[in-house]
Amino acid sequence: MGHRKPGGQSAGGIYLDYAATTPVAPEVAEAMVGCLTADGLFGNPSSITHNFGHAALEAVETARREVAALIGAGAGEILWTSGATESINLALKGLMLSRQARGRHLVVSALEHKAVLDTAHWLSGAGFEVTALQPDAGGRIGPDAVASALRADTALVSLMHVNNEMGAITDIPAVSRIVRKAGAMLHVDAVQSAARLPLDVSRLGCDMLSLSGHKMYGPKGVGALYVRRGLLPALVPQLHGGGQERGFRPGTLPTHQIAGMGAAARLVRERLDGDSRRIAALDARLLQCLEGISGTAVNAGAADRAAGILNMRFDGVAAESLLLALDGIALATGSACTSESVEPSHVLLGMGLSSAAALSSVRFSFGRYTTGAEIDLAAGRVAEAVSVLRSIAA
Ligand SMILES: *Cc1c(COP(=O)(O)O)cnc(C)c1O
């Protein structure tokens, strides 16, 4: 399998797994390095008794403004976390635990990331009631499904904006109107939309929103939780310690991670137009090539799909064998968290695919640094491998 050596050049290999993680932008890496060594901003942002601390704090607050600007929020509405998994845990547990007087009912969808599903599962074990919405015949989680699940005791609805396995886009503004009317809160997992779609928390109409650094050309191990102004006191912190982040997420702030996420957010904002136009063109090109292979179909149902996440099934071909045959091309069969087992993806099953169809599906995900030549090469190799595997099976 081709890979890049640390600090070295590509040893070959095509990376089409951007939905699992993106490379860090060079500009981001540079910002991070500036926060580590003795000649940089290595200070503890909480050490306000000296300039080392002040300078680090300034870097943290600049980054907070950048992330806020990316989603149309105020800097005071952004909390730093260790990643979207933690953001989601804080949003779901923090709000459900504090709003028990209002209700103990949580609504999620069956297509959510495990970070949401496992947290919901934990909450149900702790005595909360959870409804997991099934998609409609077109594979969508629509406002109607949400409306029929809402109850007087529904405290929170948590849905993803762009699905990490299929790229399907949920109509969050439409969902929000229903949720607001019912007096419940809305949390949005925007991890996959952050670098793909323009985001604005007012337009989305969400109360909380989770982001991850490493899905938007920033580093792993850092994330953010947007909490609408005034709502923060309604969250029960999930960590206890030194009082950082106004006590809602204590722990020494990792200046380099945060500066990296801030720089990544600025780059996304500056480049979203150009990046998305280019990625849409690559997507159309890949789709055209793959649809030229007989017995293929896109797994996205009737939902709008974000360019750059393309889930295809190849009838009669085991995705695991296809990936083995495509040595040097980095692809995924399902979400990375479940790729060690050959169980069909819960998302594809949730979409109504048969187990066999789900097990012949492959996710192509790409982004800012993917080239047309890589797409062409990958598509050609896929066509070849599918035909070989089918001839063996015949
Ligand atoms: C990757 C991902 C997460 C988890 O993010 P981490 O920062 O890796 O914890 C949550 N939701 C979606 C949709 C994701 O793709």
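Being a predicted model, the structure only gives us computed values, none of them experimental. Sequence order as written defines the numbering, with residues in each chain counted from 1. Whole-chain, interface and lining totals are the exception, using all residues; otherwise, since this is a predicted model, local features are given only for residues with pLDDT of at least 70 and side-chain atom pairs are given and counted only at 80 or more. Side-chain calculation: all heavy atoms of the structure are included, whereas hydrogens and water are not.

1. Concerning the overall build of the protein chain
Next up, step 1: In this text, helices come from DSSP runs of H or I with a minimum length of four residues, and strands from runs of E with a minimum of two, each type numbered from the N-terminal end. For the protein chain, the count of helices and strands is 12 helices and 12 strands.
Next up, step 2: We compute the radius of gyration over the C-alpha atoms and compare it with the globule rule, which gives 2.2 Å times the number of residues raised to the power 0.38. Over its C-alpha trace the protein chain gives a radius of gyration of 21 Å, about what one expects of a compact globule, namely 21 Å for 394 residues.
Next up, step 3: We call a residue buried when its accessible area falls under 20% of the maximum for its residue type, exposed when it is over 50%, and partly exposed in between, using a 1.4 Å probe and counting protein chains only. By the burial criterion, 54% of the 394 residues in the protein chain qualify as buried.
Next up, step 4: For the protein chain, restricting intrachain contacts to residue pairs at least 6 apart in sequence, the fraction spanning at least 24 positions comes to 72%.
Next up, step 5: For every accessible area listed, the method is Shrake-Rupley and the probe measures 1.4 Å; residues are considered covered only by the protein chains on display. Split by element, the accessible area of the protein chain, about 16,200 Å² in all, is 55% carbon and sulfur.
Next up, step 6: For this count, His and the chain ends are skipped, Lys and Arg are scored as positive, and Asp and Glu as negative. Where a charge sits is defined by one atom per residue type, namely NZ (Lys), CZ (Arg), CG (Asp) or CD (Glu). Across the protein chain, the centroid of the 34 positively charged side chains sits 4 Å from that of the 35 negatively charged ones. Every residue pair with non-hydrogen atoms within 4.5 Å of one another is taken to be in contact.

2. Digging into the domain arrangement of the protein chain
For an interface, size is often stated in terms of accessible area lost upon the parts coming together.
Next up, step 1: The split of the chain into domains comes from an automatic or database domain assignment. What the domain assignment reports for the protein chain is domain 1 (14-25 + 272-393) and domain 2 (26-266).
Next up, step 2: Averaged C-alpha coordinates put domain 1 and domain 2 at centres separated by 27 Å.
Next up, step 3: With 37 residues of domain 1 at the contact, the number on the domain 2 side is 35 residues.
Next up, step 4: Buried area: the accessible surface (1.4 Å probe) lost by two parts on joining, summed over both. Interface of domain 1 and domain 2: buried area, both sides summed, is about 2,900 Å²; carbon and sulfur atoms make up 58% of it.
Next up, step 5: In protein, a polar contact means a hydrogen-donor-capable atom and an acceptor-capable atom, both N or O and within 3.5 Å, with residues adjacent in sequence counting only if both atoms are side-chain atoms; elsewhere, any N or O pair within 3.5 Å suffices. At the surface where domain 1 touches domain 2, the tally comes to 18 residue pairs in polar contact (both at pLDDT 80 or more).
Next up, step 6: Here the side of domain 1 that touches domain 2 takes four residues from helix α10 (residues 346-350), the largest share from any one element.

3. Thoughts on the environment of V342
Next up, step 1: Locating V342 in the fold gives a position in the loop between β11 (329-330) and α10.
Next up, step 2: Residues V342 and D275, 67 residues apart in the sequence, show an inter-C-alpha distance of 33 Å.
Next up, step 3: Here V342 is in contact with E320 and L359, once residues within four sequence places are set aside.

4. Looking at the site of the ligand
Next up, step 1: Here a residue is considered near a molecule or strand provided that any single heavy atom belonging to it is located within 4 Å of it. In the vicinity of the ligand, 13 residues are found, and the nearest of them are T85, D189, Q192, S212 and K215.
Next up, step 2: T85 is positioned with one of its side-chain polar atoms (N or O) 2.6 Å from an oxygen atom of the ligand.
Next up, step 3: In isolation the ligand has 380 Å² of accessible area, and contact with the protein removes 88% of it.
Next up, step 4: Residue contributions to the shell around the ligand peak at three residues, all from helix α3 (residues 84-98).

5. Focus: the pairing of strand β7 (residues 208-212)
Next up, step 1: Counting buried residues along β7, five of its five residues qualify, which places the element largely inside the surrounding structure.
Next up, step 2: Here β7 shows two buried faces, one formed by M208, S210 and S212 and the other by L209 and L211.
Next up, step 3: Only when DSSP finds a minimum of two bridges between them are two strands counted as paired. As judged from the five bridges shared by β7 and strand β8 (residues 223-227), these two strands associate in the antiparallel manner. If you follow M208 over to β8, its bridge partner there is V227.

6. A closer look at the packing of helix α8 (residues 255-291) against helix α12 (residues 372-393)
Next up, step 1: Axes here mean lines fitted to C-alpha atoms, for a helix over just the part in contact, with angles spanning 0 to 180 degrees between N-to-C directions. It is at 10 Å that the axes of α8 and α12 come closest, and there the two elements cross at 15°. As the angle between them shows, α8 and α12 are arranged roughly parallel. Here α8 and α12 pass one another in a crossing that is right-handed. In contact with L282, R285, L286, C289 and L290 of α8, α12 contributes G372, A373, I375, D376, A379 and V382.
Next up, step 2: When its residues are assigned to classes, the contact of α8 with α12 shows eight nonpolar, one polar and two charged. Small angles under 35 degrees read as roughly parallel and large ones over 145 as roughly antiparallel, with 65 to 115 read as roughly perpendicular and the rest as oblique. The sense of a crossing depends on the near helix, which, turned anticlockwise from the far helix by less than a right angle, makes the crossing left-handed and, turned clockwise, makes it right-handed. In this classification, Asp, Glu, Lys and Arg are treated as charged, Ala, Val, Leu, Ile, Met, Phe, Trp, Tyr, Cys and Pro as nonpolar, and every other residue, Gly included, as polar.

7. Digging into the nonpolar core
Next up, step 1: In this structure, I71, W80, L209, L211, F314 and F364 are the most contacted members of the largest nonpolar core, which totals 87 residues.
Next up, step 2: Each of domain 1 (14-25 + 272-393) and domain 2 (26-266) contributes no fewer than three residues to this core.
Next up, step 3: Those residues in contact with I71 that sit more than four places away from it in its chain are I78, L199, D200, V201, L209, L211 and Y226.
Next up, step 4: Joining through side-chain atoms within 4.5 Å is the link that ties buried Ala, Val, Leu, Ile, Met, Phe, Trp, Tyr and Cys residues into a set, and such a set is a nonpolar core. Grouped together as the second largest cluster of nonpolar side chains are 25 residues, V108, F128, M208 and L232 included.

8. Section: unusual backbone geometry
Note on backbone geometry: most residues besides glycine have negative phi, and most peptide bonds are trans.
Next up, step 1: A positive phi angle is found at Y217, which is not glycine, with a value near 70°.
Next up, step 2: In this fold, Y217 is placed in the loop between β7 and β8.
Next up, step 3: The exposure class assigned to Y217 is buried, which follows from its relative accessible area of 4%.
Next up, step 4: With a phi close to 55°, R246 is a non-glycine residue in the positive phi region.

9. What about the sheet that holds strand β9 (residues 296-298)?
Next up, step 1: Spatially, the three strands line up as an open sheet ordered β9-β10-β12, and their pairing is antiparallel. Either end of the sheet is taken by a strand with one partner, and the two such strands are β9 and β12 (361-365). Between one strand axis and the next, the sheet turns through 25° on average, direction left out of account.
Next up, step 2: As paired elements, strand β10 (residues 309-314) and β12 share five bridges and run antiparallel to each other. Within β12, the position partnered with N311 by the bridge is R363.
Next up, step 3: Here α8 sits on the sheet and contacts β9, β10 and β12; the angle it forms with β10, its principal contact strand, is near 5°.

10. Structural notes on the pairing of strand β6 (residues 185-189)
Each regular strand carries side chains that alternate between the two faces of the sheet.
Next up, step 1: Most of β6 is tucked away, with five of its five residues classed as buried.
Next up, step 2: In this sheet, β6 lies alongside strand β5 (residues 154-160) in parallel orientation, the contact comprising five bridges. Within β6, the position partnered with M160 by the bridge is D189.
Next up, step 3: Seen with its strands pointing away from the viewer, a crossover is right-handed if its path from the first strand over the helix to the second goes clockwise. Between β5 and its parallel partner β6, the chain crosses via helix α6 (residues 172-181), and the hand of that crossover is right-handed.
Next up, step 4: Strand direction decides the pairing type here: β6 and β7, joined by three bridges, are parallel. Each bridged residue has a counterpart across the sheet, and for V188 the counterpart in β7 is L209.

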